[in-house]
Amino acid sequence: MLLLTLLAACSCPEGTVEAPSGECLQPADHAESQEEALALLPDCVPLTPSDRLDIEAGCADGVCAGSSFAENNASFGEAGSCDHGLLEDDYLYCNWGEDVYAFYDDADNDGVPDGDDTSLGIFIHDSWDGSDVDGLGIGVSFTCFMDALGEPSDIDYHVDDRGYYYVADMDWSDLGLYVNGELFDHDGKAWHMSLFGAD
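Residues numbered from 1 in each chain as written. Predicted model: local features only at pLDDT ≥ 70, side-chain atom pairs only at ≥ 80, totals over all residues. Heavy atoms only, no water.

Student: An account of the overall build of the chain is requested, with residue identities and associated values reported.
Tutor: The helix and strand tally for the chain stands at 3 helices and 13 strands. Burial statistics for the chain: of 199 residues in total, 42% are counted as buried. Of the contacts formed within the chain by residues at least 6 apart in sequence, a portion of 48% connects residues at least 24 apart. (Helix = DSSP H or I, 4+ residues; strand = E, 2+ residues; numbered from the N terminus. Buried < 20%, exposed > 50% of the residue type's maximum accessible area, 1.4 Å probe, protein only. Contact = heavy atoms within 4.5 Å.)

The structure is reproduced here in structure tokens:
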């Protein structure tokens, strides 16, 4: 049985856990409601803080949303590697260090991002090992994101065929941040991040 340690400040009776909503819930191996899914998220264990991730600016390793291919190359220190998408020829999928990527237009289909075209967003793969000043990054519990950034704008849940709930995704629209959990494991940790920069 999954054991949950109550925070010292928790006002819930012994043997229960406090959900972010304040409701006191019985611990369970599997969540049978959205509230239980939130209460059963892993404790926050942040990464070592660094400056490689800037959520508000929409940047990872110096590669930023709203920047041209040339600007991102200069910031990263080397040119990104670009390939055409599988379904279309008029956009490119560009990687920096294999773990940070963006999409650019390629209307003339020459394999090079068009002129000063800017990326809409920056996307971080599951193996990226950077972090921000709060220790947020890939592999960190959704709990850490809520502790550092506050209540998300939206939370998506996965419900399996048994009716058990899992936190799947969270987004903070004012920060232009979308955090996705692992597609099949549903372990309550960040697996992919999309950065668009704060409004």
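On we go.
Student: Describe the packing of aromatic side chains, and please don't skip the residues or the numbers.
Tutor: Per the counting criterion, the structure on display carries 11 aromatic pairs. Here the aromatic rings of Phe 103 and Phe 123 are separated by 5.9 Å at their centres, their planes lie at 65°, and the arrangement is edge-to-face. Of this pair, Phe 103 sits in strand β8 (residues 100-105) while Phe 123 sits in strand β9 (residues 122-124), and the two are 20 residues apart along the sequence. Since its relative accessible area comes to 35%, Phe 103 is described here as partly exposed. The structure contains a cluster of three or more aromatic residues connected by ring pairs, namely Tyr 91, Tyr 93, Tyr 101, Phe 103, Phe 123, Tyr 178 and Phe 196. (Phe/Tyr/Trp six-rings, centres within 6.5 Å; stacked < 30°, edge-to-face > 60°.)

Student: So, unusual backbone geometry: which residues are in play, and what are the values?
Tutor: With the exception of glycine, most residues fall at negative phi, and the peptide bonds are largely trans. Located in the positive-phi region is Asp 61, a residue other than glycine, with phi close to 55°. Although it is not a glycine, His 186 adopts a positive phi angle of roughly 50°. The residue His 186 is located in the loop between β12 (177-181) and β13 (190-195) in this model.

Student: Pulling in residues and values, what's your account of the nonpolar core?
Tutor: Counting residues in hydrophobic clusters, the biggest one holds 37 residues, and the most contacted among them are Phe 145, Leu 177, Met 193 and Leu 195. Of all the elements in the fold, those that place two or more residues in this core are α1 (34-39), β7 (91-96), β8, β9, α3 (142-149), β11 (165-172), β12 and β13. The greatest single-element share of this core, amounting to 4 residues, is contributed by α3. Other than its neighbours up to four places away in sequence, Met 193 contacts Leu 53, Ile 122, Phe 123, Ile 124, Gly 137, Ile 138, Phe 145, Leu 177, Tyr 178 and Val 179. (Core = buried A, V, L, I, M, F, W, Y, C linked by side-chain atoms within 4.5 Å.)

Student: Provide a residue-level description of the sheet that holds β11, including the pertinent values.
Tutor: On the basis of which strands lie adjacent, the open sheet formed by 8 strands has the order β6-β7-β8-β9-β13-β12-β11-β10 and antiparallel pairing. Strands with a single pairing partner mark the edges of an open sheet, and in this sheet they are β6 (81-84) and β10 (154-159). Across the sheet, the mean angle separating the axes of adjacent strands is 25° when strand polarity is ignored. Here β7 runs beside β8; their pairing, made up of 6 bridges, is antiparallel. By the bridge assignment, Tyr 91 is partnered in β8 with Asp 105. Sitting on the sheet, helix α2 (residues 69-76) touches β6, β7, β8 and β9, and the angle it makes with β7 is about 10°. Sheet contacts for α3: β11, β12 and β13; angle to β11, the most-contacted strand, approximately 35°. (Pairing = 2+ DSSP bridges. Axes fitted to C-alpha atoms, helices over the stretch in contact; angles between N-to-C directions.)

Student: How would you summarise the sheet that holds strand β4 (residues 59-60) if you had to cite specific residues and measurements?
Tutor: Taken in spatial order, the 3 strands make up an open sheet running β3-β4-β5, and their pairing is antiparallel. Only two strands of the sheet have a single partner each, and these edge strands are β3 (53-54) and β5 (63-64).

Student: Break down the environment of His 125 for me, citing the residues and quoting the values.
Tutor: Position of His 125 among the secondary structure elements: in the loop between β9 and α3. Separated by 24 residues in sequence, His 125 and Tyr 101 have C-alpha atoms that sit 8.0 Å apart.

Student: Provide a residue-level description of the pairing of β12, including the pertinent values.
Tutor: Of the two faces of β12, the one holding Leu 177, Val 179 and Gly 181 is buried and the one holding Tyr 178 and Asn 180 is not buried anywhere. Two elements, β11 and β12, share 4 bridges in a ladder whose sense is antiparallel. Within β12, the residue paired with Asp 171 across the bridge is Tyr 178. Relative to β13, β12 runs antiparallel, the two being bridged by 5 bridges. Bridging from a neighbouring strand, Tyr 178 pairs with Ser 194 of β13.

None of this, on its own, says anything about what the molecule does.
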